[in-house]
Structure formats: C-alpha cells, structure tokens
Amino acid sequence: MTCTSTDNFQNLTSTKQKRTKLIEGFNKARNCFASNPADLEQAFEEHVFTINFPGFDDEALLEVTLRYGIFYLEEFDYEKKIHAIRILNHLMDNLTQAKLIFNMRAQLLYETYNKYLNDKESVHFLLAIGESMLKLLAIMEPEYASGDHYYCKHSETINSMLTNCYMSTSIPIKTAYYKNLVLYIKQMGVFASRHLEKCLTIAFDSIESCKIGLDFDKQAEFIDSSIELTMVIVDTCPQRIHSHSRLILNHCIKILYFYSLNATDLNESVVNEKIGVIDKVCKIVVKILKNNKTPEHAIKEFENLKNDQKLDANFKALIENI
C-alpha cells in the first residue's frame, strides 16, 4: 500500500505527522471512520481497540497498526511511549504467530524494542517494554520449538538487561530490572541456566547497593525483588544450582543478619514486611539444603553457624528454625 511507503514519510519531521499521514492513507482506502474527525489519532485508536482476533488478518490494518505503534514509540513523552506499548500489545494479543512473523514484522518490532529496552529514564516504561518484549519473544521463539533454537533472542535480551542492571546505580531502575528478569527466567525455564552466574551476581549485588537493616522502609521493594529473583533461579535451575549453593547460603545469611539489626526499633508495618521477606529467604535456604547435589561442606557450615552460641539473639532467632 502507498500509505506505508517510505517515500511518504521521508519529508515528515515529527512522529505525529508520520502517524497522521499513515492514518489518512488508511482511512481514505477503507473508510473506517469519519474523513475529518476532531481527533484523527483518537478515532483510529478507538477503531483499533475494537478489533479482536481474527480482525488483524486484514493486511492493511495490521501494517498500519504496527507502524503506528512504532512511530508512537519515538515520542519523547514516556506516557505516550507506554501508550504505544499498549497498542502493540493489543496487536500481538489478537494476531496469529504466522501473521506477525511473516514479512519480517516480528523482526522489525524486535529491533525497535531493542533500541528502547534499556531506557533508564522511566521505571514504568522500562517495566512496560520489558513485558512487551517478553510477549514478542514468546511468539518468535515459542516453547515447543525451544530445542531447535535454544532461545537465542531470549538470551540476547537477558544479557543486555543483566549488563545494564549491573551498571545502573539507581535503586528503582535495578528493581525494575529484577522484576523483568524474573519473568524472562520463568519463560525460558531450564534454558535460563546459561545465565545462572550472571543472574546470581546481580541478585547478590542488592546487599552492596543498600543498607537493608538501616533503611528498610525505602528499600523494601528492591530487596524483595532481589530475593524473588534468587528464588526463581533456585526453582528453575535445581540441577545446576548446587555449584553456587555456598554463595546463595552466604547471601541469605547476610540478609537475615541485616534484618536482625535494630529489630526492636521497627514499627509494626515494617516488621510485617520483614516477616514476609524473611519467610522467602528461609524457603530459599531450605531448598538449597534439601537439594541432593548441595555439597556436604556447605550444609555443615550452615549447621555450625546455627549452633554458634556467640550469635546475636535476634539473628539466632531468625535462623534456628530453618
């Protein structure tokens, strides 16, 4: 169609102009809404969000919606970027795998998302595009075909996220990366084991990035996300986790120790938050100890720690029931 030709957009400078040109060409050919609505973009979006599967089998509507969403991602305003993600998510939810992959559409969207995947200016946008990329990867690399390609694009995406997470100094941004990584590992399953060491390094970095025991009110979500990441790694890669069991146990002990600090000075809401986090940490420790591949020396070290009479009373109370 001429409305999607590159020539039609080469002299347009703003993304809004590009979107308007795109919609005008589509509406002229299809007459989907009034020719001169008060808000052309709103009229088009209302039309798009009424389309459900298999409505996007219409090639013209599919192409226009895809390019409209991509043009919208170029906006500077992050609320508009997130809105673009909603449009593209709606498209992916109501489209067959074959239609999206045909004519390099999925690859185009994948390359577009890669440009914005590690944009650290907005936490909400980082979470939104991470989840949308995951949805796209599930279409491009479905589970039933995983034995052939071994989740190559999943791995490329996770590697990029791990690198940027490690380099970031922002607690909210790190928290968003942790949440996204949990989703990617769950989707990859056992194939995520190739990223085991890097993921654990990122999770362990949470101890160095904040003072848990002294600033729990501000860092609760960050620490909870890092523990959730550790837990999903332990659950997803049980056959490979034994080589890292000692490090994981030491990490869990550090968390429990920090949480035991100033225990009597904490308000009730914070105590309740801590109880939830401590419960998760204890579950991780139990899973490591029960893993039949966990080295005996790691288990023995933990048992010796529990029996140490010189331990702080609060800390001892946390670990004695494990």
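Residues numbered from 1 in each chain as written. Predicted model: local features only at pLDDT ≥ 70, side-chain atom pairs only at ≥ 80, totals over all residues. Heavy atoms only, no water.

**Focus on helix 4 (residues 78–93)**
Its 16 residues give helix 4 an end-to-end C-alpha distance of 22 Å, which sits within 8% of 22 Å, the value for a rise of 1.5 Å per residue. Buried residues belonging to helix 4 abut helix 2 (40–49), helix 3 (59–73), helix 5 (97–101), helix 6 (105–116) and helix 7 (123–140). One side-chain oxygen of the residue at the start of helix 4 lies 2.7 Å from the amide nitrogen of Glu79, identifying that residue as Asp77. (Helix = DSSP H or I, 4+ residues; strand = E, 2+ residues; numbered from the N terminus. Expected span 1.5 Å × (residues − 1). Contact = heavy atoms within 4.5 Å. Polar contact = N/O pair within 3.5 Å; in protein donor to acceptor, adjacent residues only side chain to side chain.)

**What to know about the packing of aromatic side chains**
For the coordinates displayed, the defined rule picks out six aromatic pairs. An aromatic cluster is present here, built from Phe44, Tyr68 and Tyr72 joined pairwise through their rings. The cationic tip of Arg19 hangs over the ring face of Tyr68; the distance from NZ or CZ to the ring centre is 6.0 Å. Above the plane of the ring of Tyr78 lies Lys81, whose end atom (NZ or CZ) is 5.8 Å from the centre. (Phe/Tyr/Trp six-rings, centres within 6.5 Å; stacked < 30°, edge-to-face > 60°. Lys NZ or Arg CZ within 6 Å of the ring centre and 35° of its normal.)

**Quick word on the packing of helix 4 against helix 7**
In contact at an axis separation of 10 Å, helix 4 and helix 7 are set at 20° when each is read in the N-to-C sense. Regarding the angle of helix 4 to helix 7, the classification is roughly parallel. The two elements helix 4 and helix 7 cross, and the hand of that crossing is left-handed. Between helix 4 and helix 7, the residues in contact are Tyr78, Lys81, Ile82, Ile85, Asn89, Met92 and Asp93 and His124, Phe125, Ala128, Ile129, Ser132, Lys135, Leu136 and Ile139, respectively. When grouped by side-chain class, the residues that make up the contact of helix 4 with helix 7 number nine nonpolar, three polar and three charged. (Axes fitted to C-alpha atoms, helices over the stretch in contact; angles between N-to-C directions. Parallel < 35°, antiparallel > 145°, perpendicular 65-115°, else oblique. Left-handed = near helix turned anticlockwise from the far one by under 90°. Nonpolar A, V, L, I, M, F, W, Y, C, P; charged D, E, K, R; others polar.)

**Side note on the nonpolar core**
Among the nonpolar cores identified, the biggest contains 99 residues, and Tyr113, Leu136, Leu229, Ile233 and Ile248 are the most heavily contacted of them. For Ile233, the residues in contact, after removing those within four places along its chain, are Ile185, Leu196, Cys199, Leu200 and Ile241. (Core = buried A, V, L, I, M, F, W, Y, C linked by side-chain atoms within 4.5 Å. Buried < 20%, exposed > 50% of the residue type's maximum accessible area, 1.4 Å probe, protein only.)

**Description of helix 10 (residues 171–188)**
A rise of 1.5 Å per residue sets the reference length of helix 10, with its 18 residues, at 26 Å; its end C-alpha atoms lie 26 Å apart and thus fit the reference within 8%. Of all 18 residues in helix 10, 13 are buried, a share of seventy percent or more. Where helix 10 terminates, the next one or two residues include Gly189, which has phi positive at roughly 65°.

**Topic: the side chain of Thr15**
Within the secondary structure, Thr15 is located in helix 1 (residues 15–30). For Thr15, a relative accessible area of 12% corresponds to the buried category. Dropping the residues within four chain positions of it, Thr15 is found in contact with Phe71, Glu74 and Glu75.

**A look at unusual backbone geometry**
Glycine aside, residues mostly have negative phi angles, and peptide bonds mostly take the trans form. For the bond running from Phe53 to Pro54, omega is 5°, close enough to zero to count as cis. Assignment of secondary structure puts Pro54 in the loop between helix 2 and helix 3. With a phi angle near 65°, Asn103 is a residue other than glycine that sits in the positive phi range. In this structure, Asn103 sits in the loop between helix 5 and helix 6.

**Things to note about the pattern of salt bridges**
A side chain with one charge may pair with a side chain of the opposite charge, provided their charged atoms come close. One pass over the structure, following the stated rule, counts 16 salt bridges. Taking the shortest distance from any N to any O, the salt bridge between Glu63 and Arg105 comes out at 2.8 Å. On the criterion of sequence distance, the pair formed by Glu63 in helix 3 and Arg105 in helix 6 is long-range, its members being 42 residues apart. For the pair Glu63 and Arg105, one class covers both residues: buried. For the salt bridge of Asp93 with Lys135, the shortest nitrogen-to-oxygen distance reads 3.0 Å. (Salt bridge = Lys/Arg side-chain N within 4 Å of Asp/Glu carboxyl O.)

**Some points on the environment of His244**
Within the fold, His244 resides in the loop between helix 12 (216–236) and helix 13 (245–260). His244 sits 44 residues away from Ile288 along the chain, and the two C-alpha atoms are 9.6 Å apart. If near-sequence neighbours (up to four positions away) are discounted, His244 is found in contact with Leu196, Glu197 and Leu200.

**Topic: the confidence of the model for the chain**
Chain-level statistics for the chain give a pLDDT mean of 83 and a share of 83% at 70 or above. Low confidence marks residues 1–7, where pLDDT is under 50. Its contacts with residues over four positions away, or in another chain, come to 14 contacts. (pLDDT = per-residue confidence, 0-100.)

**Focus: the side chain of His90**
Within the fold, His90 resides in helix 4. Among the polar contacts listed, one links the side chain of His90 to the backbone oxygen of Ile51, at a separation of 2.8 Å. Apart from the residues within four sequence positions on either side, His90 is in contact with Val48, Phe49, Ile51, Asn52 and Phe56.

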